[in-house]
Amino acid sequence: NIGVSYSRTIRVVEPPCGDTTPPTVALTAPAEGTRVWGNVTLSANASDNVGVTRVQFQVNGENVCVDQSAPWSCTVDLDSRPTGDYAFRARAFDACENARASAEMQARVVSNPELWLDQPSSGATVSGTQGPVYGWATDPDGVPTVSMTLDNQVTVPVTYRPARPDVCQAVPVSDPDCPNVGF
């Protein structure tokens, strides 16, 4: 047996990228000063003289999602984040990896309010077209309105703000509307 080996050096060189102009990008959602919760769509407008290859979206500087084709948007779940003011930003990249960040937009992430239904009780059978519905809702940012749906179809008007001092004493929440958190 005769063995033969060869050695070759291969040098891979990326073609030079003559473009040094970063893309332009503007965050279009969420809007400045809005309140957001749950699954939120982040969107941006981006353009470049060569072409935008991707837009990266950030919440408080953390990369949360990326879109690689226009229209530039993605959905992020904010339910796990505590209530507070957050900074949203988009960052666009072109084929030469030039990048530019959008202006920062501030929006308030709100957690889902705490909601309890006192009546009818769990498992109760309700019949007829009218009946009493009692409960309460609290949130550190306050709860602007309460509405209900019946069989996922009909919105039922609810009178919100009756006094419930029992709730505000028992529930450890600093709701600015206490004690008027009942319905």
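Treat the numbers as computed from the prediction; the structure is a model and nothing was measured. (Residues numbered from 1 in each chain as written. Predicted model: local features only at pLDDT ≥ 70, side-chain atom pairs only at ≥ 80, totals over all residues. Heavy atoms only, no water.)

Details of the environment of Phe93
Residue position: Phe93 is located in strand β7 (residues 84–94). Between the C-alpha atom of Phe93 and that of Pro23, which follows or precedes it by 70 residues, the distance is 6.5 Å. When residues no more than four places from it in sequence are discounted, the contact partners of Phe93 are Pro23, Gly51, Val52, Thr53, Arg54, Gln56, Asn98 and Ala99. (Helix = DSSP H or I, 4+ residues; strand = E, 2+ residues; numbered from the N terminus. Contact = heavy atoms within 4.5 Å.)

Some points on the sheet that holds strand β6 (residues 72–77)
Picture the strands of a sheet paired through backbone hydrogen bonds; they go either parallel or antiparallel. If you walk across this open sheet you meet the 3 strands as β1-β3-β6, and the pairing is antiparallel. Single-partner strands in this sheet number two, and they are β1 (24–29) and β6. For this sheet, the mean angle separating the axes of adjacent strands, direction not counted, is 25°. Of the strand pairs in this sheet, β1 and strand β3 (residues 39–47) are connected by 5 bridges, and their pairing is antiparallel. Paired with Thr24 across the strands is Ser47, a residue of β3. (Pairing = 2+ DSSP bridges. Axes fitted to C-alpha atoms, helices over the stretch in contact; angles between N-to-C directions.)

A closer look at the state of the cysteines
All chains considered together, the criterion is met by 2 disulfides. Shown here is the disulfide that connects Cys17 with Cys96, its sulfur atoms set 1.4 Å apart. Taken together, the positions of Cys17 in the segment before β1 and Cys96 in the loop between β7 and β8 (99–101) put the pair 79 residues apart, joining distant regions of the chain. Residue Cys17 is classed as partly exposed on the basis of its relative accessible area, which comes to 39%. Each disulfide pairs two cysteine sulfurs, and for Cys65 the partner residue is Cys74, the sulfurs being separated by 1.8 Å. Each member of the pair, Cys65 as well as Cys74, is classed as buried. (Disulfide = S-S within 2.5 Å. Buried < 20%, exposed > 50% of the residue type's maximum accessible area, 1.4 Å probe, protein only.)

Topic: the side chain of Arg164
With respect to the secondary-structure elements, Arg164 resides in the loop between β13 (154–157) and α1 (165–170). Among the polar contacts made by the side chain of Arg164, one reaches the main-chain carbonyl oxygen of Gly135 at a distance of 3.3 Å. Setting aside residues no more than four positions away along its own chain, Arg164 makes contact with Asp118, Gly135, Trp136, Pro179, Val181 and Gly182. (Polar contact = N/O pair within 3.5 Å; in protein donor to acceptor, adjacent residues only side chain to side chain.)

Comments concerning unusual backbone geometry
Cis rather than trans, the peptide bond between Ala29 and Pro30 has omega equal to 5°. Examined against the element boundaries, Pro30 turns out to sit in the loop between β1 and β2 (35–36). Although it is not a glycine, Asn60 adopts a positive phi angle of roughly 50°. Summarising the element assignment, Asn60 is placed in the loop between β4 (52–59) and β5 (62–67). Looking at Asn60, the relative accessible area reads 45%, which means it is partly exposed.

A closer look at the environment of Asp139
Along the chain, Asp139 turns up in the loop between β11 (134–138) and β12 (147–150). Relative accessible area serves as the criterion here: at 2%, Asp139 is assigned to the buried category. C-alpha of Asp139 to C-alpha of Thr83: the two residues are 56 residues apart in sequence and 9.3 Å apart in space.

Describing the packing of aromatic side chains
Scanning the entire structure with this criterion turns up 1 aromatic pair. A cation over a ring is seen here: Arg54 above Phe93, with NZ or CZ 3.8 Å from the ring centre. (Phe/Tyr/Trp six-rings, centres within 6.5 Å; stacked < 30°, edge-to-face > 60°. Lys NZ or Arg CZ within 6 Å of the ring centre and 35° of its normal.)

Brief notes about the nonpolar core
The nonpolar side chains of a soluble globular protein tend to be buried with one another. Grouped together as the largest cluster of nonpolar side chains are 21 residues, with contacts concentrated most on Val36, Leu42, Val55, Phe57, Leu78, Phe88 and Ala90. Looking at this core, the elements with two or more residues in it are β1, β3, β4, β6, β7 and β9 (105–109). Not counting residues up to four positions away in its chain, the partners in contact with Leu42 are Ala29, Pro30, Phe57, Val64, Cys65, Trp72, Ser73, Cys74, Val76 and Phe88. In terms of nonpolar packing, the next biggest core, distinct from the first, is built from 10 residues, Trp136, Ala137, Val146 and Phe183 among them. (Core = buried A, V, L, I, M, F, W, Y, C linked by side-chain atoms within 4.5 Å.)

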